[in-house]
Amino acid sequence: MSNLTIIVSNSKPLIDKNLKELKGNVEEIYYRKNFKEFMNEIQRKSNIDLFGIKNFIVLKNLEYLAPENIDTLINYFKTSFTDFILIYNEEPLGLFEKLKKEGINFRKVILSIPTKSKELFNFIKSIIKNYKLNLPDNFIWILINNYHENIDELFQELDKLSFYPNLSLEEIIQLLNLKTNLFIIQESILKKDITTLARYLFKYFQEIKYVEEVNNFIQFLSKSLQIILFLKLNQKPPFDVNQYYLYKLQKLSTNISVEYLKFLFNLLSKIDLDLKKFRLKVSEIPQIIISSIAEFNNNLKRG
């Protein structure tokens, strides 16, 4: 009797990831509206002798099978010793009951993308690790901010990145289809470029879905300010920094006064505290940052 696994998922990248983790030969067979050809291909690939290598046959497009064809397939599972994996976009109506009635053991696997922020973060981090990409945690939150409505699109982007070995963070940013860019926001804050800041900051906060993204925003900017402070003191930052990113902050730091650094540190600290004390709404943050920097600029001009 076949070893049977039934995967239920509407995410192709998740299914592909699961299949890639199988140790053995994997053959995919699609049902294309001709059941006789479909069964012939199953029988042919089931009988291949791989000299001790485990053989997995993955069956797809099963939603289009007629009920009587499902019965024929179940009868075949009872006499075959092949490992079969059945892929469904939605839970198949009545299939599990039929398999139990026929005494066929099966394993049901539900693959879904997490919705809770911490679980989603850890999930995407593990996916990135599988792609052998080295991305900092704060950049993962940038990805979540950009792709939380379509994680499958993120997988496609990571596929694209996997073809380019040893990419720098800057090269990754250029290759990705980012709708909002925290690095542009950071640069516009450091340059006191109110026009660019307003264009990107409001959009960034409109697309925030998780409170952790706000925390990441504050931590990301605070860390960049720390790096700049060390650079202005001619000291090496006591933590790992991407070399290109360090070079970019080095260039920006020449036009940033210590007074402005202190102002930004205080501003971010106040925002962080007000959020934790529930004195501030997330939606109010962009206006506070923009108006505060504008006021700093005006005070500077007045002398």
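Since this is a predicted model, take the numbers as computed values, not measurements.

A. Expanded view of the overall build of the protein. In terms of regular secondary structure, the protein is built from 14 helices and 5 strands. Expected size for 303 residues packed as a compact globule is a radius of gyration near 19 Å; at 27 Å, the protein overshoots this value by more than 25%. The contacts in the protein between residues at least 6 apart in sequence include a share of 72% that link residues at least 24 apart. Of the roughly 17,400 Å² of accessible surface on the protein, a fraction of 50% belongs to carbon and sulfur atoms.

B. Local environment of helix α7 (residues 151-161). Residues of α7 that are buried: Ile151, Asp152, Leu154, Phe155, Glu157, Leu158 and Leu161. Check the buried side of α7 and you find it contacts α1 (12-20), α5 (117-130), α6 (137-147) and α8 (169-175).

C. Region of interest: the side chain of Asn69. Residue position: Asn69 is located in helix α3 (residues 67-79). Setting aside residues up to four positions removed in sequence, Asn69 forms contacts with Tyr31 and Phe35.

D. How the structure looks around the packing of α6 against helix α11 (residues 211-232). Two elements in contact, α6 and α11, have axes separated by 10 Å at closest approach and are oriented at 135°. The pairing of α6 with α11 is recorded here as oblique in orientation. The way α6 lies across α11 gives a crossing that is left-handed. Between α6, through Asp137, Asn138, Trp141, Ile142, Ile144 and Asn145, and α11, the contact on the second element is made entirely by Glu212, Glu213, Asn216 and Phe220.

E. Representation of the pattern of salt bridges in the model. What the rule picks out here adds up to 16 salt bridges. The closest approach of N and O atoms between Asp71 and Lys98, which form a salt bridge, is 3.0 Å. Linking Asp71 in helix α3 with Lys98 in helix α4 (residues 95-101), this pair joins segments that are 27 residues apart in sequence. Residue classification places Asp71 among the partly exposed positions, given a relative accessible area of 35%. Overall, the relative accessible area of 31% leaves Lys98 in the partly exposed class. Between Arg279 and Asp274 there is a salt bridge, with the nearest N and O atoms lying 2.8 Å from each other. Since its relative accessible area comes to 52%, Arg279 is described here as exposed. Residue class for Asp274 comes out buried when judged on its relative accessible area of 12%. By sharing partners, the salt bridges in this structure join Glu27, Glu41 and Lys45 into a single network.

F. Layout of the packing of helix α2 (residues 35-46) against α3. At a closest axis distance of 12 Å, the pairing of α2 and α3 adopts a crossing angle of 15°. As summarised for this structure, α2 and α3 are arranged roughly parallel, according to the angle between their axes. As for the relative orientation of α2 and α3, their crossing is right-handed in sense. For the pair α2 and α3, contact is made by Phe35, Phe38, Met39, Ile42, Gln43 and Ser46 and by Asn69, Thr72, Leu73 and Tyr76, respectively. Along the lines of polarity and charge, the residues of the contact of α2 with α3 split into 6 nonpolar, 4 polar and no charged.

G. Structural context of the nonpolar core. Ranked by internal contacts, the top residues of the largest apolar core, which has 76 residues, are Ile124, Phe139, Leu143, Leu158, Ile189, Phe217 and Ile289. Among the elements that line this core, the one with the most residues is α11, at 9 residues. Ignoring any residue separated from it by four or fewer positions in sequence, one finds Ile189 in contact with Leu197, Leu221, Tyr260, Leu264, Ile289 and Ile293. In this structure, Ile57, Leu62, Ile70 and Phe96 belong to the second largest nonpolar core, which totals 25 residues.

H. View of the sheet that holds strand β1 (residues 3-8). If you walk across this open sheet you meet the 5 strands as β2-β3-β4-β1-β5, and the pairing is parallel. Two strands lie at the open edges of the sheet, namely β2 (25-30) and β5 (106-110), each paired on one side alone. In this sheet, adjacent strand axes meet at a mean angle of 20° when their direction is disregarded. Across the face of the sheet, α1 comes into contact with β1, β2, β3 (55-60) and β4 (83-88) while running at roughly 165° to β3. Sheet contacts for α3: β1, β3 and β4; angle to β4, the most-contacted strand, approximately 155°.

What counts, and where the lines are drawn
Residues numbered from 1 in each chain as written. Predicted model: local features only at pLDDT ≥ 70, side-chain atom pairs only at ≥ 80, totals over all residues. Heavy atoms only, no water. Helix = DSSP H or I, 4+ residues; strand = E, 2+ residues; numbered from the N terminus. Rg over C-alpha atoms; globule rule 2.2 N^0.38 Å. Contact = heavy atoms within 4.5 Å. Areas by Shrake-Rupley, 256 points an atom, 1.4 Å probe, with all protein chains shown as cover. Buried < 20%, exposed > 50% of the residue type's maximum accessible area, 1.4 Å probe, protein only. Axes fitted to C-alpha atoms, helices over the stretch in contact; angles between N-to-C directions. Parallel < 35°, antiparallel > 145°, perpendicular 65-115°, else oblique. Left-handed = near helix turned anticlockwise from the far one by under 90°. Salt bridge = Lys/Arg side-chain N within 4 Å of Asp/Glu carboxyl O. Nonpolar A, V, L, I, M, F, W, Y, C, P; charged D, E, K, R; others polar. Core = buried A, V, L, I, M, F, W, Y, C linked by side-chain atoms within 4.5 Å. Pairing = 2+ DSSP bridges.

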